Amino acid sequence: MQLALRQHICYYSFVDHKIEYYSEEVEEKILDLPDTIAARYVVLTRRMMAVGANLGPPHTDSFGDGLFELRLKGAEGIGRVFFCTFVGRRIMMLHSFIKKTQKTPLKEVEIARKRMKEVKHANS
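The structure displayed is predicted, hence computed values, not measured ones.

A.B. asks: Account for the overall build of the chain, with residues named and values stated.
C.D. replies: Across its full length, the chain carries three helices and five strands. The secondary structure elements of the chain, listed N-terminal to C-terminal, are β-α-α-β-β-β-β-α. Residue burial in the chain is summarised as follows: out of 124 residues, 35% are buried. A fraction of 53% describes how many contacts in the chain between residues 6 or more apart in sequence connect residues 24 or more apart. Carbon and sulfur atoms form 53% of the exposed surface of the chain, whose accessible area is close to 8700 Å².

Here it is in structure tokens:
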């Protein structure tokens, strides 16, 4: 008696996205977030690199006109990182801050929007 072996082949396609930073200062500020918030950032950005920027609620949210926020919660509090995307699977981290009130301060949104306009203009 002869046994026939079936071979199953699975193909996994991972779309690699690249995380970039508006400046070294922005990158350093993000990496200097409190430990549990920074750890959450690492987990979520790894996922973003694998599947893309839109992780959906509760991880990401849109602020309109191409501006998004990465929502980070940890034992030390709540952090936010604003980002935008570009053609070519590029994700640009623009600005971060620790949230101290229920509503996102307009000043933080304005900083992110200004930086987004700057990088979008430079990349057009």
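Text resumes after the structure shown.
A.B. asks: An account of the nonpolar core is needed here, citing residue identities and associated values.
C.D. replies: Tyr41, Met48, Leu70, Leu72 and Met93 are the most contacted members of the largest nonpolar core, which totals 17 residues. Those elements that provide at least two residues to this core are α1 (24-31), α2 (35-51), β3 (67-74), β4 (77-86) and β5 (90-99). The element contributing the most residues to this core is α2, with five residues. Not counting chain neighbours up to four residues away, the residues in contact with Met93 comprise Ile19, Glu20, Tyr21, Tyr22, Val26, Ile30, Tyr41, Thr45, Met48, Val81, Phe82 and Phe83.

A.B. asks: Tell me what's going on with the pairing of β3, and back it up with residues and numbers.
C.D. replies: Inspection of the sheet shows strand β2 (residues 60-64) paired to β3 by four bridges, in the antiparallel sense. Pairing of Gly64 across the sheet is with Leu67, part of β3. In this structure, β3 lies alongside β4, joined through seven bridges in antiparallel fashion. Within β4, the position partnered with Arg71 by the bridge is Arg80. The loop that links β3 with its antiparallel partner β4 comprises two residues.

A.B. asks: Which residues make up a negative patch on the surface, and what are the values?
C.D. replies: On the surface, a cluster of negative charge is made up of Glu24, Glu25, Glu27, Glu28 and Asp32. By relative accessible area, which is 61% here, Glu25 ends up exposed.

A.B. asks: Summarise the sheet that holds β3; cite the residues concerned and give the values.
C.D. replies: On the basis of which strands lie adjacent, the open sheet formed by five strands has the order β1-β5-β4-β3-β2 and mixed pairing. Across the chains shown, the open sheet's two edge strands, defined by having one partner strand only, are β1 (18-21) and β2. Within the sheet, the average angular offset between the axes of one strand and its neighbour, ignoring direction, is 35 degrees. Lying on the sheet, α2 is in contact with β1, β3, β4 and β5; it crosses β3 at an angle near 135 degrees. Along the sheet, helix α3 (residues 106-122) contacts β2, β3, β4 and β5; its crossing angle with β5, the most-contacted strand, is approximately 165 degrees.

What counts, and where the lines are drawn
- Residues numbered from 1 in each chain as written.
- Predicted model: local features only at pLDDT ≥ 70, side-chain atom pairs only at ≥ 80, totals over all residues.
- Heavy atoms only, no water.
- Helix = DSSP H or I, 4+ residues; strand = E, 2+ residues; numbered from the N terminus.
- Buried < 20%, exposed > 50% of the residue type's maximum accessible area, 1.4 Å probe, protein only.
- Contact = heavy atoms within 4.5 Å.
- Areas by Shrake-Rupley, 256 points an atom, 1.4 Å probe, with all protein chains shown as cover.
- Core = buried A, V, L, I, M, F, W, Y, C linked by side-chain atoms within 4.5 Å.
- Pairing = 2+ DSSP bridges.
- Patch = residues over 30% accessible without salt bridge, like charges linked within 9 Å, V, L, I, M, F, W, Y side chains within 5 Å.
- Salt bridge = Lys/Arg side-chain N within 4 Å of Asp/Glu carboxyl O.
- Lys, Arg positive; Asp, Glu negative; His and termini not counted.
- Charge placed at Lys NZ, Arg CZ, Asp CG, Glu CD.
- Axes fitted to C-alpha atoms, helices over the stretch in contact; angles between N-to-C directions.

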